Amino acid sequence: MNIYDLIFYLFAIITLVSAVFVVTSKNIVHSAFNLLFTFFGVAGIYALLGADFIAVVQLLVYVGGILILLLFGVMLTNKITNVDLRTGTIHIVPAAIGVGMLWGALSAIAYKTNWIKIDSPIPNSTAPFLGRMLITDYVLVFELLGILLLIALIGAASIARREKE
Amino acid sequence: MLQVGLTHFLIVSTALFSLGIYGVVTRKNAVMVLMGIELMLNSANINFIAFARYGNFGNGGQLVALFVIVLAAAEAAIALAIVLNIYKTFTNVNVDEIDNLKE
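None of these values were measured; they are calculated from a predicted model.

Tallying secondary structure elements over chain B gives 3 helices and 0 strands in all. Of the regular secondary structure in chain B, the N- to C-terminal order runs α-α-α. Its C-alpha atoms give chain B a radius of gyration of 17 Å, more than 25% over the compact-globule value 13 Å for 103 residues. Taking the principal axes of its C-alpha atoms as reference, chain B extends roughly 55 × 25 × 15 Å. Of the contacts formed within chain B by residues at least 6 apart in sequence, a portion of 55% connects residues at least 24 apart. Summing over all exposed atoms, chain B offers an accessible surface of approximately 3900 Å²; the carbon and sulfur share of this is 67%.

Next up, the structure:
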């Protein structure tokens, strides 16, 4: 067991334990803060897989953007001053059984399948490659995503600001 | 088995996906459902990047993961706008109590 494996297990444990707290914590603000550690752990796993640029983007977009947005959603949709931020859960036992079976099936597939593995060396930096691909092979997807983000921005602003007549 | 390989990453990803589904089906608060969806998107991204590293497809999987992150950001913005609107209308965001399309 070398240092790579140790770091992998560390990040995997951080990710999974905090994800368990995210889905089981009664207090929704605790869930949001545990989600922070989940995103950090996933970013570490990306870095271990040699995707340095994606790891940085994960930190910037998820931790800096989506998590803050979710926290705003929590703060704006709960009456903080007079009601606590607890949130109910329903159907815990059937959900746990079903999800456990699903996880068993998925991990059995992942474990039993004889994947054709090519252990390519981890590149020094993936950003030049990704940039080149974005403006050559994937330029249509890139432009479409730009349009999608613009539409999402306008749509979110217009939905959230609609006043009651 | 101890040597970390593709299978380890896939099993972490399946566990994260299952936890995301568990969050989506058990939590009442719409924001919590969104957090479950984010967990599921992250697990899919781990799969993409793991196969980009260990599979025979080149590094295109990393690009797909980037697109997934962009879509997740757009989805979170729209979903939170809808949640805020629902809160203004019904004064709660519990997904099991909101069953009207129109007030």
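It is worth spelling out the environment of L34 of chain B at this point. Assignment of secondary structure puts L34 of chain B in helix α2 (residues 30-54). The class of L34 of chain B is buried, set by a relative accessible area of 6%. Once you skip the residues sitting within four places of it in the chain, L34 of chain B turns out to touch L70 of chain A together with E75, A79 and L80 of chain B.

Two packed helices can be described by the angle between their axes and the distance between those axes. Running from N to C, helix α1 (residues 3-24) of chain A and helix α1 (residues 6-26) of chain B cross one another at 10°; their axes reach a closest spacing of 9 Å. Here α1 of chain A is positioned roughly parallel relative to α1 of chain B, judged by the angle of their axes. Across the interface between the two elements, Y4, F8, Y9, A12, T15, L16, A19, V20, V23 and T24 of chain A of α1 of chain A pack against H8, F9, V12, A15, L16, L19, Y22 and G23 of chain B of α1 of chain B. Classifying every residue of the contact of α1 of chain A with α1 of chain B gives 14 nonpolar, 4 polar and no charged.

The next point concerns a nonpolar patch on the surface. Residues and elements named next belong to chain A. A cluster of nonpolar side chains, V139, L140, V141, L144, I147 and I151, forms an exposed patch at the surface whose accessible area comes to about 540 Å². Note that V141 resides in helix α6 (residues 139-160). Of the residues examined, V141 reaches a relative accessible area of 34% and is grouped as partly exposed.

Given a rise of 1.5 Å per residue, 22 residues ought to cover 32 Å, and the 31 Å separating the end C-alpha atoms of α6 of chain A matches this to within 8%. By the burial criterion, the buried members of α6 of chain A are L145, A152, G155, A156 and I159 of chain A. Down the axis of α6 of chain A, the sector holding all buried residues measures 95°, keeping them to one side. Opposite the buried face of α6 of chain A, at more than 90 degrees from it, the exposed residues are I151, L153 and I154 of chain A. Check the buried side of α6 of chain A and you find it contacts α3 (60-90) of chain B.

The rules behind the values
- Residues numbered from 1 in each chain as written.
- Chains lettered and ligands numbered in written order.
- Predicted model: local features only at pLDDT ≥ 70, side-chain atom pairs only at ≥ 80, totals over all residues.
- Heavy atoms only, no water.
- Helix = DSSP H or I, 4+ residues; strand = E, 2+ residues; numbered from the N terminus.
- Rg over C-alpha atoms; globule rule 2.2 N^0.38 Å.
- Contact = heavy atoms within 4.5 Å.
- Areas by Shrake-Rupley, 256 points an atom, 1.4 Å probe, with all protein chains shown as cover.
- Buried < 20%, exposed > 50% of the residue type's maximum accessible area, 1.4 Å probe, protein only.
- Axes fitted to C-alpha atoms, helices over the stretch in contact; angles between N-to-C directions.
- Parallel < 35°, antiparallel > 145°, perpendicular 65-115°, else oblique.
- Nonpolar A, V, L, I, M, F, W, Y, C, P; charged D, E, K, R; others polar.
- Patch = residues over 30% accessible without salt bridge, like charges linked within 9 Å, V, L, I, M, F, W, Y side chains within 5 Å.
- Salt bridge = Lys/Arg side-chain N within 4 Å of Asp/Glu carboxyl O.
- Expected span 1.5 Å × (residues − 1).
- Arc of directions from axis to C-beta.

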